[in-house]
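# Architecture and fold: a report
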Amino acid sequence: VIDDDPFNNLLCSGNIRQLFPDTDIQTFTNPVTALDYIRIEYPTAGPQTTMLFLDITMPELLAWEVLDSFEAFGAEVKQQFKIYILSSSLDVNDIEKANSNPRISGYIHKPLDVPQLLNLF
């Protein structure tokens, strides 16, 4: 989860943990730190898919800038991720921009809750 709101990260973690108690959950309030983590921890293709929930508006980088940076990773890294925009924005332009990006698997309105997670699976 990449979101500058620590409370939202805590809420996301708790809801994910309800469905998947043994999963490894990483949360970041700084998108640059998250990108560094991905660069270090995902150098080669892994056996599992990582779901990334990405907020649109953050002080350091917008989601669109994070996605631009993400494109610099090799295919072996990018193929490990399913990226979802997680936002409170109801702006049609944001939703359309997310839906038109082939890297984004979906647009989820905050807060991420258990029923939304169940819909992803």
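Just above, that's the structure.
Let us look at the structure shown here. It should be emphasised that the depicted structure is a prediction, and the values quoted were computed from it without experimental measurement.

## What about the packing of helix α2 (residues 31-41) against helix α3 (residues 63-70)?
Contact pair α2 / α3: the axes reach a minimum separation of 11 Å and the direction vectors enclose 20°. The pairing of α2 with α3 is recorded here as roughly parallel in orientation. The way α2 lies across α3 gives a crossing that is right-handed. Within the contact between the two elements, α2 uses P31, L35 and I38 and α3 uses V66, S69 and F70. For the contact of α2 with α3, the per-class residue count stands at five nonpolar, one polar and no charged.

## Some remarks on the sheet that holds strand β1 (residues 50-54)
On the basis of which strands lie adjacent, the open sheet formed by three strands has the order β1-β2-β3 and parallel pairing. Of all the strands in the sheet, the pair left with one neighbour each is β1 and β3 (104-109). Each strand axis lies, on average, 25° off the axis of its neighbour in the sheet, ignoring direction. As judged from the five bridges shared by strand β2 (residues 81-87) and β3, these two strands associate in the parallel manner. The residue bridging I85 from the neighbouring strand is Y107, located in β3. Along the sheet, helix α5 (residues 92-100) contacts β2 and β3; its crossing angle with β3, the most-contacted strand, is approximately 155°.

Calculation rules
- Residues numbered from 1 in each chain as written.
- Predicted model: local features only at pLDDT ≥ 70, side-chain atom pairs only at ≥ 80, totals over all residues.
- Heavy atoms only, no water.
- Axes fitted to C-alpha atoms, helices over the stretch in contact; angles between N-to-C directions.
- Helix = DSSP H or I, 4+ residues; strand = E, 2+ residues; numbered from the N terminus.
- Parallel < 35°, antiparallel > 145°, perpendicular 65-115°, else oblique.
- Left-handed = near helix turned anticlockwise from the far one by under 90°.
- Contact = heavy atoms within 4.5 Å.
- Nonpolar A, V, L, I, M, F, W, Y, C, P; charged D, E, K, R; others polar.
- Pairing = 2+ DSSP bridges.

All quantities given are derived from atomic positions and should not be read as evidence of function.
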